[in-house]
Amino acid sequence: MHFTADQYIVFDNSTFESLNSFLSDSDHDKLFILVDEKTRKHCLPKLAEIPAISLACTIEIKSGEEHKTLQTCEYIWNDLTANNASRNSLLINLGGGVIGDMGGFAASCYKRGMRFINIPTTLLAIVDASVGGKLGVDFNGLKNHIGMFNHPEKVIIQSCFFESLPERQLRSGFAEVIKHALIADSNLWTYLQGIDDLTQVNWDEIIPRSVEIKSEIVAQDPTEKGLRKVLNFGHTIGHAIESMFLNTEKPLLHGEAVAIGMICEAFLSENIGILSVSKSEEIMRYIRKIFADISINIDNFDVFFDYLKQDKKNKAEKYQFSLISDIGKAVFDHSVGNDLIEECMKNYQELIKA
Ligand SMILES: NC(=O)c1ccc[n+]([C@@H]2O[C@H](COP(=O)([O-])OP(=O)(O)OC[C@H]3O[C@@H](n4cnc5c(N)ncnc54)[C@H](O)[C@@H]3O)[C@@H](O)[C@H]2O)c1
Ligand SMILES: [Zn+2]
């Protein structure tokens, strides 16, 4: 698929020629690589042939969202300081969205900003977290509470990292690919219809277009004043579901919650009369083909609405939604009241019981 997004995003080949030539031409004084125990084991060896990498200083942190904190940044800053990193040193963030968001944030603060590039290793990090310049860490239980907008010098994209990525993680990232199609590209949506087994996908066919969609939207509204909100399709209800499951025995991955969120928000789009019944059914059918149904406890709507209230987009007691008016067409700033939301959640529950 044709790709026209920002030049700093590079689709590399499996021998990482572009990365190699970037590092050879770069005049950094020292090279650092941020990894977690999993990306050190599975991803770093894939870069072993690159001469510059063998001279780099590796900083390893523990994997997981619970480590996306200022304490971990302090650990990174200590390591950088102990190894005499300067502003002209280069940090490579090799990992999923946690490494990308936190490594970028730590680099941007270190000596008021050292150089950094991202090599995302999960599907979610490739099609979502690496594009758009949002960096940061969680704070006092609040997600991405401390952070900034800043861009890496390069984002190097290669799907060979998926060889070691658990299928569940792959599927979670796939929710964002589906979202990009639904909000911006009916052709991509048609292409996705042919996919039901995520282990058999030719990612190089899909990733460039998915990245391009996000990149084009972000370019038009870098700081989320308007249009960028369309990227929140499925996320208002999705985040509430994700939070509801957070402290249970079976927490959901982000994309698993967003998948259900997209079904419910397609119903919402249908209920307020902007999306046809047939399109909403088409969306629901496909998402249910890829993602397992998840039963939401709707006996206690208060709990659900408590989580929904946390959404950053809310205005004057009304919930603000990004919805779709067709496959490939999104709208934003739609206020919706409690009753309709409740009805959609009930629709979803009935659907999965049937
Ligand atoms: N900046 C943004 O715009 C943006 C957008 C979306 C999400 N995010 C952030 O991204 C994070 C989620 O990213 P994620 O889903 O990549 O999670 P993650 O970074 O936690 O990675 C998921 C798991 O996969 C492991 N892993 C990574 N690559 C691997 C590989 N190739 N093989 C085997 N294991 C591998 C990681 O160690 C981790 O255990 C969240 O913190 C979220 O806030 C940011
Ligand atoms: Zn998301």
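Residues numbered from 1 in each chain as written. Chains lettered and ligands numbered in written order. Predicted model: local features only at pLDDT ≥ 70, side-chain atom pairs only at ≥ 80, totals over all residues. Heavy atoms only, no water.

## Description of helix α14 (residues 338-353)
With 16 residues, α14 extends 23 Å from end C-alpha to end C-alpha; this agrees with the ideal 22 Å at 1.5 Å per step. Residues of α14 that are buried include every one of Ile341, Cys344, Met345, Tyr348, Gln349, Leu351 and Ile352, and no others. One side of α14 holds all its buried residues, which, seen down the axis, span an arc of 160°. Residues of α14 that are exposed and angled more than 90 degrees away from the buried face: Asp339, Glu350 and Lys353. Where α14 is buried, its residues meet α10 (235-246), α11 (254-271), α12 (277-290), α13 (301-309), β9 (319-326) and β10 (329-336). (Helix = DSSP H or I, 4+ residues; strand = E, 2+ residues; numbered from the N terminus. Expected span 1.5 Å × (residues − 1). Buried < 20%, exposed > 50% of the residue type's maximum accessible area, 1.4 Å probe, protein only. Arc of directions from axis to C-beta. Contact = heavy atoms within 4.5 Å.)

## A look at the nonpolar core
Of all hydrophobic cores here, the largest spans 75 residues; its most connected members are Phe174, Ile178, Leu192, Ile241, Phe304 and Tyr348. For this core, the element with the highest residue contribution is α11, accounting for 10 residues. Structurally, this core is a two-domain feature, drawing no fewer than three residues from each of domain 1 (9-164) and domain 2 (168-353). Discounting chain neighbours no more than four positions away, the residues touching Phe304 are Ile237, Ala240, Ile241, Met244, Ile341 and Met345. Val10, Ala56, Cys160 and Phe161 belong to the second-largest nonpolar core, a separate cluster that totals 22 residues. (Core = buried A, V, L, I, M, F, W, Y, C linked by side-chain atoms within 4.5 Å. Domains from an automatic or database assignment.)

## Let's talk about the packing of helix α7 (residues 167-184) against helix α9 (residues 203-220)
Following both chains from N to C, one finds α7 and α9 inclined at 60°, their axes separated by 10 Å at the closest point. It follows that α7 is oblique to α9 by the angle criterion. The element α7 and its partner α9 pack so that their crossing is left-handed. Contact residues: α7 offers Leu170, Phe174, Val177, His180, Ile183 and Ala184, while α9 offers Trp203, Ile206, Arg209, Ser210, Ile213, Lys214 and Ile217. Grouping the amino acids of the contact of α7 with α9 by side-chain chemistry returns 9 nonpolar, 2 polar and 2 charged. (Axes fitted to C-alpha atoms, helices over the stretch in contact; angles between N-to-C directions. Parallel < 35°, antiparallel > 145°, perpendicular 65-115°, else oblique. Left-handed = near helix turned anticlockwise from the far one by under 90°. Nonpolar A, V, L, I, M, F, W, Y, C, P; charged D, E, K, R; others polar.)

## Things to note about unusual backbone geometry
Of note, the phi angle at Asn84 is positive, near 55°, even though the residue is not glycine. Summarising the element assignment, Asn84 is placed in the loop between α4 (70-82) and β4 (90-95). Residue Asn144 is not a glycine yet carries a positive backbone phi of 50°. Structurally, Asn144 can be placed in strand β7 (residues 142-149).

## Description of the coordination of the zinc ion (ligand 2)
Each protein donor to the zinc ion (ligand 2) is listed here as Glu176 (OE), His235 (NE2) and His254 (NE2); together their distances run 2.0 to 2.1 Å. Spacing between the donor residues of the zinc ion (ligand 2) along their common chain follows E-x58-H-x18-H. Note that Glu176 is positioned in helix α7 and His235 in helix α10, a separation of 59 residues in sequence. Look at Glu176 and you get buried, because its relative accessible area is 0%. (Donors = N, O, S within 2.8 Å, 3.2 Å for Na, K, Ca; no water.)

So, to be careful, I would describe these as geometric facts and stop short of saying anything about function.
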